[in-house]
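Below are the chains, spelled out letter by letter.
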Amino acid sequence: MSLLVVGLSHRSAPVSVLERAALTADAQVKLLQDTVAAEPAAEAAVLATCNRIELYADVDKFHAGVAELSTLLAQHSGVGLEELTPYLYVHYEDRAVHHLFSVACGLDSMVVGEGQILGQIKDSLAKAQDLHTAGRLLNDLFQQALRVGKRAHSETGIDRAGQSLVTFGLEQLAAGTSGGEVADWARGKKALVIGAGSMSSLAAATLVRAGVAEVVIANRTAERASRLVEILNDGASSDSGNGDVVARAVPMDAVSGELTRADVVVSCTGATGLVLTGDAVSGAVRGRVPVAGGGGVARPGAIGVPPAPTRAAQAARLPADQTGSAEDSCPLDLNAVQATPGFSVLGEAAVAGMAAAELEQHAAWVDNAPRPQGPGSVVDEADAIAALAAAARTVGRIPERRRPEPLAAGPEPVLFLLDLAMPRDIDAAVHRVAGVRLVDIESLAEASADAPMAADVDQVRRIVADEVAAFGAALRAAHITPTVVALRTMAADVVAMEMARLEGRLPGLDDKQRGEITQTVKRVVDKLLHAPTVRVKQLAAEPGGAGYADALRTLFDLDQETVAAVSRAEHSNTNEEDRGPA
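Some thoughts on the nonpolar core
Here's step 1: Among the nonpolar cores identified, the biggest contains 67 residues, and W185, V215, I217 and L420 are the most heavily contacted of them.
Here's step 2: Discounting residues that sit within four places of it in the chain, L420 has contacts with C50, L165, V166, M199, V266, S267, C268, I441 and L444.
Here's step 3: Membership of the second largest hydrophobic core comes to 35 residues, among which are L3, A45, A145 and V468.

Brief notes about the state of the cysteines
Note on terminology: disulfide describes a covalent bond linking the sulfur atoms of two cysteines.
Here's step 1: Taken as a whole, this structure holds zero disulfides when the rule is applied.
Here's step 2: Here C50 stays unpaired: no disulfide links it, and the sulfur of C268, its closest cysteine neighbor, is 6.9 Å away.

Overview of the sheet that holds strand 6 (residues 214-218)
Here's step 1: Spatially, 7-6-5-8-9-10 is the arrangement adopted by the six strands of the open sheet, whose pairing is parallel. Edge positions in the sheet fall to strand 7 (246-250) and strand 10 (436-439), since each has one partner strand and no second. Adjacent strand axes in the sheet meet at a mean angle of 15 degrees, parallel and antiparallel pairs treated alike.
Here's step 2: Two strands pair when backbone bridges link them, and strand 6 and strand 7 are joined in this way by five bridges, in the parallel orientation. Looking at the pairing, I217 lines up with A249 of strand 7.
Here's step 3: The sheet contacts of helix 10 (residues 198-210) involve strand 5 (190-194), strand 6 and strand 8 (264-267), and relative to strand 5 the element is tilted by about 170 degrees.

Quick notes on the packing of aromatic side chains
Here's step 1: Applying the stated rule across the entire model yields four aromatic pairs.
Here's step 2: Centre to centre, the rings of Y56 and F142 are 5.4 Å apart; their planes meet at 80 degrees, and the pair counts as edge-to-face. Taken as a pair, Y56 in strand 3 (residues 52-59) and F142 in helix 7 (residues 136-155) lie far apart in primary sequence, 86 residues in all.
Here's step 3: Geometrically, the ring pair formed by W185 and F416 is edge-to-face, given 5.3 Å between the ring centres and 80 degrees between the ring planes. Taken together, the residues W185 in helix 9 (residues 182-186) and F416 in strand 9 (residues 415-419) connect sequence positions 231 residues apart.
Here's step 4: Taking relative accessible area as the criterion, F416 reaches 4% and is therefore assigned buried.

Things to note about the side chain of E43
Here's step 1: Here E43 shows up in strand 2 (residues 41-49).
Here's step 2: For E43, the side chain forms a polar contact with the main-chain nitrogen of R136, separated by 3.4 Å.

What to know about the sheet that holds strand 1 (residues 2-9)
Here's step 1: What the four strands build is an open sheet, ordered 2-3-1-4; its pairing is antiparallel. On the outer flanks of this sheet lie strand 2 and strand 4 (89-92), each paired with one strand and no other. The sheet shows a mean angle of 15 degrees between the axes of neighbouring strands, direction not considered.
Here's step 2: Pairing of strand 1 with strand 4, which is carried by four bridges, proceeds in the antiparallel orientation. By the bridge assignment for strand 4, V5 is matched with H91.

Notes on the packing of helix 5 (residues 94-104) against helix 6 (residues 116-130)
Here's step 1: Close contact between helix 5 and helix 6 brings their axes to 8 Å; oriented N to C, the two are set at 130 degrees. With respect to each other, helix 5 and helix 6 are oriented oblique. Judged by residue contacts, L100, V103 and A104 of helix 5 engage I117, L118 and I121 from helix 6.
Here's step 2: Considered class by class, the residues forming the contact of helix 5 with helix 6 number six nonpolar, no polar and no charged.

A few points about unusual backbone geometry
Peptide bonds are, in most cases, trans, and in most cases residues other than glycine have a negative phi.
Here's step 1: That bond from M422 to P423 is cis: its omega, 5 degrees, falls within 30 degrees of zero.
Here's step 2: Tracing the sequence through the fold places P423 in the loop between strand 9 and strand 10.
Here's step 3: The backbone phi angle of E93 is positive, close to 50 degrees, even though this residue is not glycine.
Here's step 4: You can see E93 is positioned in the loop between strand 4 and helix 5.
Here's step 5: Positive phi values are uncommon outside glycine, yet H132 reaches one of about 60 degrees.
Here's step 6: For H132, the position within the fold is in the loop between helix 6 and helix 7.

Considerations on the pattern of salt bridges
Here's step 1: This structure, assessed with the given rule, holds 23 salt bridges.
Here's step 2: Between E503 and R514 there is a salt bridge whose closest N-O contact spans 2.5 Å. Remark: R514 occurs in helix 21 (residues 511-541) and E503 occurs in helix 20 (residues 456-505); sequence separation between them is 11 residues.
Here's step 3: A single salt-bridge network, built from bridges that share partners, covers R11, R52, E54 and D108.

Scoring rules and cut-offs
- Residues numbered from 1 in each chain as written.
- Predicted model: local features only at pLDDT ≥ 70, side-chain atom pairs only at ≥ 80, totals over all residues.
- Heavy atoms only, no water.
- Core = buried A, V, L, I, M, F, W, Y, C linked by side-chain atoms within 4.5 Å.
- Buried < 20%, exposed > 50% of the residue type's maximum accessible area, 1.4 Å probe, protein only.
- Contact = heavy atoms within 4.5 Å.
- Disulfide = S-S within 2.5 Å.
- Pairing = 2+ DSSP bridges.
- Helix = DSSP H or I, 4+ residues; strand = E, 2+ residues; numbered from the N terminus.
- Axes fitted to C-alpha atoms, helices over the stretch in contact; angles between N-to-C directions.
- Phe/Tyr/Trp six-rings, centres within 6.5 Å; stacked < 30°, edge-to-face > 60°.
- Polar contact = N/O pair within 3.5 Å; in protein donor to acceptor, adjacent residues only side chain to side chain.
- Parallel < 35°, antiparallel > 145°, perpendicular 65-115°, else oblique.
- Nonpolar A, V, L, I, M, F, W, Y, C, P; charged D, E, K, R; others polar.
- Salt bridge = Lys/Arg side-chain N within 4 Å of Asp/Glu carboxyl O.

Here's what the structure looks like:
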């Protein structure tokens with residue numbers, strides 16, 4: 001059997017695909033059960049986080065395993081196999097071990113060095129243990145991955161190379177403000193945290209330490225929200241610098257009201273739909289956004305911009321030969337799009353995130369529009385939109401490609417939103433709401449791509465390489481153990497048979513004489529087997545040493561079923577011993 005991992009992450013797939021492929025808790029359970037029920041796999045574990053979905057399995061056939069695991073991922077994620085396949089990566093045997101150890105150390109995280117992945121790996125192992133889908137291989141692998149991750153954080157400065165997604169996200173929110181420091185930006189603000197899981201709890205605690213005046217926790221389970229509030233208030237009371245922080249819990253149906261009071265919102269729930277829509281956010285900041293160059297406030301519409309005064313005004317923004325098309329059927333809010341720097345009315349940017357039906361309508365509008373010639377003309381843009389329309393017909397939607405607006409493009413933000421959920425909690429259209437700054441997984445991925453790598457990363461990579469070699473050696477050595485045990489069992493049986501024969505020939509031996517002879521024969525056998533068995537374990541632990549077990553079975557004519565029985569017994573014992581917490 002061999003280790004295989006099939007998955008996708010922020011490194012291989014766009015956020016829009018990761019968002020759609022996200023697995024619910026129930027889907028993860030069903031995926032594990034179906035994987036071990038499949039023919040190629042004997043064990044299975046799922047590592048599902050906000051920016052990765054990976055299925056680990058112990059398989060007996062590589063190609064069949066890849067095909068089966070890919071199909072199961074597609075089936076349970078709801079993303080078609082043909083669409084999912086280009087974004088999948090596959091790691092096998094030592095490369096699979098190297099991958100998980102790198103993940104555990106934070107080397108493969110969106111923010112290099114973040115430590116939350118260790119808790120997520122621990123939860124993945126616990127889930128597989130509870131469902132009895134983790135056997136000896138995956139128990140050993142995940143337990144060792146946790147140890148390697150802890151070693152990396154304790155022996156190196158990998159923590160300095162990056163922070164948790166929560167810290168990084170808050171830094172991105174604060175980056176465009178005066179001062180740019182989280183503590184200066186957060187001081188005195190009112191925060192709303194939606195969700196009470198590990199990520200939301202970390203966000204709430206971080207905001208309290210940063211000096212916010214109030215934290216409101218909204219969660220579907222009132223008990224979890226109340227417990228988090230109790231912890232936050234106790235922690236604030238023990239910290240003289242934050243003793244004035246007030247934390248309170250509210251039900252989810254109170255979110256819309258709390259949104260109008262909040263300065264900062266962090267959302268990380270397991271909801272499958274949007275928690276905050278563009279309309280809700282736009283309504284929450286209505287009356288709070290100053291009008292540029294005036295003393296009043298903006299009255300934003302659904303996407304946070306002034307409504308178009310008339311159709312004629314919209315048409316006036318277009319070349320004269322395109323006004324008819326704009327009047328008749330363009331589904332875009334042309335006033336909003338034209339007013340946004342970097343957006344083209346006809347180009348791909350204008351239709352980013354549009355529903356398939358709207359996209360088809362827009363493509364038809366572009367096809368019927370007059371087409372001036374030259375670089376960047378409508379002809380070029382029509383081709384791009386036609387390609388997007390074809391994609392929409394195939395998959396039923398177009399991937400989200402909208403990017404956050406530069407902070408300087410609009411009024412100073414009055415509401416800061418951090419969306420750490422996958423799939424997203426906050427409508428991506430909020431990026432265009434005036435007076436709102438949204439940081440989500442997609443914008444975090446872009447920002448982290450430019451983050452400098454610390455020198456400690458190289459040291460962690462060396463640790464990973466050493467640990468992978470040690471784990472592989474131990475795994476290969478363990479592979480030959482059942483054969484060695486079977487050999488010694490056969491030798492013991494030979495000793496027993498010969499002593500029984502001696503008993504028939506020399507019935508007059510007393511107990512002392514019989515015991516001395518038995519011990520002598522056993523010592524002879526042990527000495528003859530000692531050097532070969534020790535040496536074969538050493539050789540088997542080296543790369544390419546898997547064939548020594550077969551050689552040993554052939555040389556000593558060992559019964560394959562005996563070896564298999566020993567292996568099954570060890571496998572069963574390991575399952576029982578390792579089913580505790582990591």
